[in-house]
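Summary of the model geometry
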Amino acid sequence: MAWALRAAAANAVGLFSRLQAPIPALRASSTSQPLDQVAGSLWNLGQLNHVAIAVPDLEKAAAFYKNILGAQVSEAVPLPEHGVSVVFVNLGNTKMELLHPLGCDSPIAGFLQKNKAGGMHHICIEVDNINAAVMDLKTKKIRSLSEEVKIGAHGKPVIFLHPKDCGGVLVELEQA
């Protein structure tokens, strides 16, 4: 397990360094902007809030993080409006959100049918102005899974971005 975490961290560092490299400006018509400039951004991306893991057995998963790894683990909270029960694992600098379906119609139930052992479901990143972010991303042709912002597990406004527009990752944006 530790080797997998080290390998993932090394891959993330490599990806991060590639992302930090300057992006060359495209040579096109004079009305185009270089790709490394954000025009009049009214919102800012913040820190990673949590990584969500879909689990087939919420009690067993929570017990693993609490009893085996020694993490601080919240009580399970049902969120019927999202079709899930959640447990938060506090990691100090971020959290993991353990997701378990509430009923057969839960999007997590469908995920677990395809991934019997569970697995990473989404990442959540904070933004300083979710409404501005949603409007800006729409103009950039980034789709969301809902038409409107909803209240998430932390009682704050959230929206999920379509994984096909986000490199195959389901991204949740949450108002900081």
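Remember, it's a predicted structure, so these values are computed and weren't measured experimentally.

Here the focus is the overall build of the protein chain. Each helix and strand in the protein chain was counted, giving 4 helices and 9 strands. Within the protein chain, the proportion of its 176 residues that are buried is 32%. When contacts within the protein chain are restricted to residue pairs at least 6 apart in sequence, long-range pairs at least 24 apart make up 53% of them. Here the protein chain has roughly 11,500 Å² of accessible surface; of this, 59% comes from carbon and sulfur atoms.

Secondary-structure assignment places E97 in strand β5 (residues 95-101). A distance of 3.0 Å separates polar atoms of two side chains, one belonging to E97 and the other to H50. Apart from residues lying up to four places away in sequence, E97 is in contact with H50, V51, A52, I53, V86, V87, F88, H122 and A153.

On to empty space enclosed by the protein, then. With the rule as written, the count across this model stands at 1 cavity of 30 Å³ or more. Each pocket or cavity is described by its volume, and for the largest cavity that value is around 40 Å³. Contributing to the lining of the largest cavity are V134, L137, K138, I142, R143, S144 and L161. The element that contributes the greatest number of residues to the lining of the largest cavity is helix α4 (residues 130-139), accounting for 3 residues.

Among all positions in helix α3 (residues 107-114), only I108, A109, F111 and L112 are buried. Projected onto a plane normal to the axis of α3, the buried residues spread over an arc of 160° and lie on a single side. Summarising the geometry of α3, the exposed residues directed more than 90 degrees from the buried face are P107, Q113 and K114. Against the buried residues of α3 lie β1 (45-54), β4 (84-90), β5 and β6 (119-127). Between the side-chain oxygen of the N-cap and the backbone nitrogen of I108 there are 3.0 Å, and the N-cap of α3 in question is S106.

The subject of this paragraph is the pairing of β4. The element β4 is largely enclosed, with a buried count of 6 among its 7 residues. For strand β2 (residues 72-73) and β4, the ladder comprises 2 bridges, and the chain directions are antiparallel. Paired with V73 across the strands is V89, a residue of β4. Judged from the 3 bridges that link them, strand β3 (residues 77-79) and β4 form a sheet pairing that is antiparallel.

The rules behind these values
Residues numbered from 1 in each chain as written. Predicted model: local features only at pLDDT ≥ 70, side-chain atom pairs only at ≥ 80, totals over all residues. Heavy atoms only, no water. Helix = DSSP H or I, 4+ residues; strand = E, 2+ residues; numbered from the N terminus. Buried < 20%, exposed > 50% of the residue type's maximum accessible area, 1.4 Å probe, protein only. Contact = heavy atoms within 4.5 Å. Areas by Shrake-Rupley, 256 points an atom, 1.4 Å probe, with all protein chains shown as cover. Polar contact = N/O pair within 3.5 Å; in protein donor to acceptor, adjacent residues only side chain to side chain. 1 Å grid on protein atoms, 1.4 Å probe; cavity = no way out; pocket = protein on both sides within 12 Å on 5 of 7 lines; lining within 4 Å. Points joined across faces, edges and corners; volume = space filled by probe spheres on them. Arc of directions from axis to C-beta. Pairing = 2+ DSSP bridges.

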